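Residues per chain, in single letters:
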Amino acid sequence: MDYPGNLFVVAAPSGAGKSSLVKALLEIDSQLQLSVSHTTRAPRGQEKHGRDYFFTSQPEFDAMVAGNAFVEWAHVHGQRYGTSKKAIEDRIAQGADVILEIDYQGALQITQAFANAVLIFILPPSWEELRSRLERRGEDPTDVIEMRLKNASEEMAQAHKFDFVIINELFERAVFDLKAIVHAQRLRYAAQRRTRAATFESLNIP
Ligand SMILES: Nc1nc2c(ncn2[C@@H]2O[C@H](COP(=O)(O)OP(=O)(O)O)[C@@H](O)[C@H]2O)c(=O)[nH]1
Ligand SMILES: Nc1ncnc2c1ncn2[C@@H]1O[C@H](COP(=O)(O)OP(=O)(O)O)[C@@H](O)[C@H]1O
């Protein structure tokens, strides 16, 4: 299915900075809309239902899986997370650009459903910095931080499957890189659609 809007998928190990980067991008790009995921994990301190996540009970999540409500879902760090069809389809069908902040398993599932999706992987500058960002964020207990760091190597080993990799060392530089990717994709997609429309017209295809 070919939609007029673009789909951007951002994945990263926990603590690499993807939420902060996506938030900064959304503040400067009014064409971009965030897809709010469903999760079975508990909310953190400042998180709000419907803004950061739809916090969902296990039975509610099961019912959504059974009802085929998710474009993709995955087990991540011992919880389940999923992107509902509602979170993206209507919006890209209407021409909005949507950004997803999901794990690599979900990102790879998204490309099955949306071949034009642009996949971006965020890396931390070092292991030490990843650990210290998770500790400084201060949202997760030590055992959860250890599990997230343990899972990070498996996650980072998937980075080569993505269209772009950004190293989030200097924050402003990483925001700039992200902005450049979004801009380039918009230009590329607009050109593709014009070329296709011209081809259809010349062949008299309605
Ligand atoms: N597959 C999938 N992963 C998701 C979704 N939403 C969030 N995630 C990922 O789940 C992981 C944990 O997210 P979270 O608990 O918010 O921790 P954080 O990444 O440290 O902020 C991250 O890799 C997220 O990108 C989703 O809808 N689908
Ligand atoms: N470039 C950066 N330099 C220093 N700290 C950063 C940078 N990017 C993000 N952070 C901080 O690192 C922590 C983790 O960032 P966050 O966006 O929550 O990561 P993620 O969503 O990938 O788990 C936060 O405290 C955030 O303020």
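Quick caveat, the model's predicted, so the values are computed rather than measured.

A few words on the overall build of the protein chain. Scanning the protein chain from N- to C-terminus turns up seven helices and nine strands. Structurally, the protein chain occupies a C-alpha span of about 65 × 40 × 30 Å along its principal axes. Out of the 206 residues belonging to the protein chain, those deemed buried represent 32%. Within the protein chain, contacts between residues separated by at least 24 positions form 68% of all contacts whose residues are at least 6 apart in sequence.

In this structure, Leu7, Val9, Val10, Ala11, Ile120 and Ile122 are the most contacted members of the largest nonpolar core, which totals 40 residues. Ignoring anything within four residues of it in the chain, the contact list for Val10 reads Lys18, Val22, Ile99, Leu100, Glu101, Ile120 and Ile122.

Attention shifts here to the UniProt feature "binding site: ATP" (unreviewed entry) in the protein chain. The sites that carry the UniProt feature "binding site: ATP" (unreviewed entry) are, in the present numbering, Ala12, Pro13, Ser14, Gly15, Ala16, Gly17, Lys18 and Ser19. As for its position among the elements, Ala12 is in the loop between β1 (7-11) and α1 (18-28). The contact partners of Ala12, leaving out residues within four places of it in the chain, are Lys18, Phe121 and Ile122. Considering the arrangement of structural elements, one finds Ala16 in the loop between β1 and α1. C-beta crowding within 10 Å serves as the criterion here: with 27 such atoms nearby, Ala16 is assigned to the buried category. Apart from residues no more than four positions distant in its own chain, Ala16 is found in contact with Ile122, Leu123, Pro124, Leu130 and Asn168.

Within the structure, ligand 2 sits among 14 residues, and Gly17, Ser19, Ser20, Arg133 and Phe171 are positioned closest to it. Elements represented by at least two residues in the shell around ligand 2 include exactly α1, α5 (127-137) and α7 (171-202). Each residue belonging to the shell around ligand 2 can be placed in one class, and the counts come to four nonpolar, six polar and four charged.

Attention shifts here to the sheet that holds strand β7 (residues 97-101). The five strands lie next to each other as β2-β7-β1-β8-β9, forming an open sheet whose pairing is parallel. Of all strands in the sheet, those bounded by a partner on one side alone are β2 (32-34) and β9 (164-167). Sheet twist, expressed as the mean angle between neighbouring strand axes with direction ignored, is 25°. By the bridge criterion, four bridges tie β1 to β7 in an arrangement that is parallel. Within β7, the residue paired with Val10 across the bridge is Glu101.

What counts and what doesn't
- Residues numbered from 1 in each chain as written.
- Chains lettered and ligands numbered in written order.
- Predicted model: local features only at pLDDT ≥ 70, side-chain atom pairs only at ≥ 80, totals over all residues.
- Helix = DSSP H or I, 4+ residues; strand = E, 2+ residues; numbered from the N terminus.
- Buried ≥ 20, exposed ≤ 12 C-beta atoms within 10 Å, placed from the backbone.
- Contact = placed C-beta atoms within 7 Å.
- Core = buried A, V, L, I, M, F, W, Y, C linked by C-beta atoms within 7 Å.
- UniProt positions renumbered as here; feature names shortened; annotations may be inferred.
- Near = placed C-beta within 6 Å.
- Nonpolar A, V, L, I, M, F, W, Y, C, P; charged D, E, K, R; others polar.
- Pairing = 2+ DSSP bridges.
- Axes fitted to C-alpha atoms, helices over the stretch in contact; angles between N-to-C directions.

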